Amino acid sequence: MSSQEHLSDQGFFGHPTGLKTLFLTEMWERMSYYGMRAMLVLFMTATLQSEGLGFTVASAAAIYGLYTGAVYFLGLPGGWIADRLIGGQKAVWYGGIIIMCGHIVLAIPTQSSFFIGLILVASGTGLLKPNISAMVGQLYSDEDERRDSGYAIYYMGINLGSVIGYAVCGYFMENVGWHWAFGAAAVGMALGLVNYRMTASHISTVGNRPSNPMSDKGRRTAWSTITALLAIAAAVVVSAYMGIIEINPVILAQYVAVAFTTVFFLYYGFIYFAGNLDDSEKKKMWALFLVCVASACFWSGFEQAGSSLNLFARDYTDRVIGSFTIPTAWFQSTNSIFIVVLSPFFAALWINLAKRMITPSYSVKCAIGLIIMASGFIVMFFASQYAAQGLKVAPMWLITTYFLHTVGELCLSPVALSAVSKLSPKRFAGQMMGVFVLTYSIGNIIAGLLAGSFDPNNVEQMPNLYLQISLFSIGIGIAVALFAFKSKAWENQSQNDQPQGNGQTA
């Protein structure tokens, strides 16, 4: 498509018509994802009498961490498959079908299919999520100034979908039944697929083929490898169901956390030491490393929303207003609502600060976000003290916590993504974004392990556990902020210093 054709397409609020296709598809996919995720720990810890799985909090939280961590991790091979084998369009289509099948399996009222459903949803999300986001950028030419605004609209679709998911699945969970709620998530993904297929003509040239296709021989080798890996995964699942091997989710989560962290350090170190970087690029890599540390620690706290804070909402929060009982999952929707309300403010904040010659480094912004998020757990420290006395606390305690977590997210998350794009060596930009995504996986798994420490039979331990999370996060935030005095100079290498050595631009 020519530049003129790009600019003349203004069929969706002044943006390319294809944005509507991707907006609605992602909205319904996020509805299914967040709707299911909101009730995951609740379902696993519910008693068998109430049609739950009767898992311990430790096991349920570890499984939750493994699931959410896998969703981010599987985005790496999902993006590779699209780029090298099938293209973004097919990746989104088949990923959505796999997600829908996963939710259908979860909707089957039997415990034996639960983990199969989780694996399908995680796998499909890893295939769909990175590629539909990339396709949004491909709607615009390089000189099209609507790109950032387009992503802002797309991001609104994500949050709108999550609000719908929390509302619909949360209501079904408490008023109809667990498996009806899982079925509602399947319907949401089905609606996304119908929209995607019916409006496919709007994105006919976007992601319709691999951007970096392999040779015929390479394709055969790749598909053989993928088939072998899927066969191994299937064999492990079957062996676990047959009792041939026993999987302890807590121990598995610990090993996976170590594995992801090791992969992060090895890959980061490989690029640093073997990437033929000049001094300027190496200094920026150190600045980016601080951002990665802050990101992993941030998500380990933030992702308590779906686990320990979710359980707190169910067991220790007064959810009755008159004759209406607030569904537990609805509390998590406050994060999406706050993002929609606060995003314009934060977008303007950094611009106005820059106009006043106040430009905090990436590390400082991330440290501020981490500390603000940690302050939410100070709120929970006081709220859990009331719960430890056998009292039900007011909803505002949780809402205040989610507000602080959202403010922290808006300080850290977009800033961290910007840091990766600006501080990574240009020739390793794609790989560094993949390495950075590992911080999400690491944070999610650690979040699950931390949440597993919340013993419902020892409520008096809860305040101390929330305080420990808060103090640890604040400590990391302060450390990152102190290093920021040096990292500001490292970050400015990209602006002030001319790269040397290998002749590459930074």
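Residues numbered from 1 in each chain as written. Predicted model: local features only at pLDDT ≥ 70, side-chain atom pairs only at ≥ 80, totals over all residues. Heavy atoms only, no water.

Novice: Explain a nonpolar patch on the surface to me, please; I cannot follow it from the model alone.
Specialist: On the surface, L229, I232, V236, V238, M242, I244, I245, I247 and L252 cluster together to form a nonpolar patch covering roughly 820 Å² of accessible area. When residues of the nonpolar patch are assigned to their parent elements, the largest contribution, 4 residues, is made by helix α9 (residues 216-241). Within the secondary structure layout, I244 lies in the loop between α9 and α10 (249-274). (Patch = residues over 30% accessible without salt bridge, like charges linked within 9 Å, V, L, I, M, F, W, Y side chains within 5 Å. Areas by Shrake-Rupley, 256 points an atom, 1.4 Å probe, with all protein chains shown as cover. Salt bridge = Lys/Arg side-chain N within 4 Å of Asp/Glu carboxyl O. Helix = DSSP H or I, 4+ residues; strand = E, 2+ residues; numbered from the N terminus.)

Novice: Any chance you could explain the packing of helix α2 (residues 18-45) against helix α8 (residues 178-198) here in plain terms?
Specialist: When two helices pack together, their arrangement is given by the angle between the helix axes and by the axis-to-axis distance. Running from N to C, α2 and α8 point in directions that differ by 165 degrees, and their axes come no closer than 8 Å. Considering their axes alone, α2 and α8 lie roughly antiparallel with respect to each other. Judged by the sense of rotation from one axis to the other, the crossing of α2 with α8 is left-handed. When α2 is examined against α8, the residues T21, L22, L24, T25, W28, E29, M31, S32, M36, M39, L42 and F43 are found in contact with a partner set consisting of W178, H179, A181, F182, A184, A185, G188, M189, L191, G192, N195 and Y196. Grouping the constituent residues of the contact of α2 with α8 by class yields 16 nonpolar, 7 polar and 1 charged. (Axes fitted to C-alpha atoms, helices over the stretch in contact; angles between N-to-C directions. Parallel < 35°, antiparallel > 145°, perpendicular 65-115°, else oblique. Left-handed = near helix turned anticlockwise from the far one by under 90°. Contact = heavy atoms within 4.5 Å. Nonpolar A, V, L, I, M, F, W, Y, C, P; charged D, E, K, R; others polar.)

Novice: Can you help me understand the packing of aromatic side chains in this one?
Specialist: Per the stated rule, a full pass over the model turns up 32 aromatic pairs. Taken together, the ring pairs in this structure connect F264, F265, Y268, Y272, F273, W286 and F289 into an aromatic cluster. Here the basic side chain of R197 rests over the ring of W93, its NZ or CZ set 4.0 Å away from the ring centre. We note K282 situated over the ring of Y272; from NZ or CZ to the ring centre the distance is 5.5 Å. (Phe/Tyr/Trp six-rings, centres within 6.5 Å; stacked < 30°, edge-to-face > 60°. Lys NZ or Arg CZ within 6 Å of the ring centre and 35° of its normal.)

Novice: What am I meant to see in the side chain of H179 here?
Specialist: Tracing the sequence through the fold places H179 in helix α8. Judged by relative accessible area, which is 15%, H179 ranks as buried. A polar contact is formed between the side chain of H179 and the backbone oxygen of L106, at a distance of 3.0 Å. Setting aside chain neighbours within four positions, we find H179 in contact with F43, L106, A107, I108, P109 and T110. (Buried < 20%, exposed > 50% of the residue type's maximum accessible area, 1.4 Å probe, protein only. Polar contact = N/O pair within 3.5 Å; in protein donor to acceptor, adjacent residues only side chain to side chain.)

Novice: Mind showing me how you'd approach the packing of helix α11 (residues 279-302) against helix α14 (residues 362-388) here?
Specialist: Remark: α11 packs on α14, axes separated minimally by 9 Å, with the N-to-C direction vectors making an angle of 15 degrees. For the element pair α11 / α14, the angle class is roughly parallel. Seen from above, α11 lies across α14 with left-handed handedness. Every residue of α14 that contacts α11 at A287, L290, V291, A294, C297, F298, G301 and F302 is listed here: Y362, S363, C366, G369, L370, M373 and F377. Looking at side-chain class alone, the contact of α11 with α14 contains 12 nonpolar, 3 polar and no charged residues.

Any functional reading would require information beyond the geometric quantities listed.
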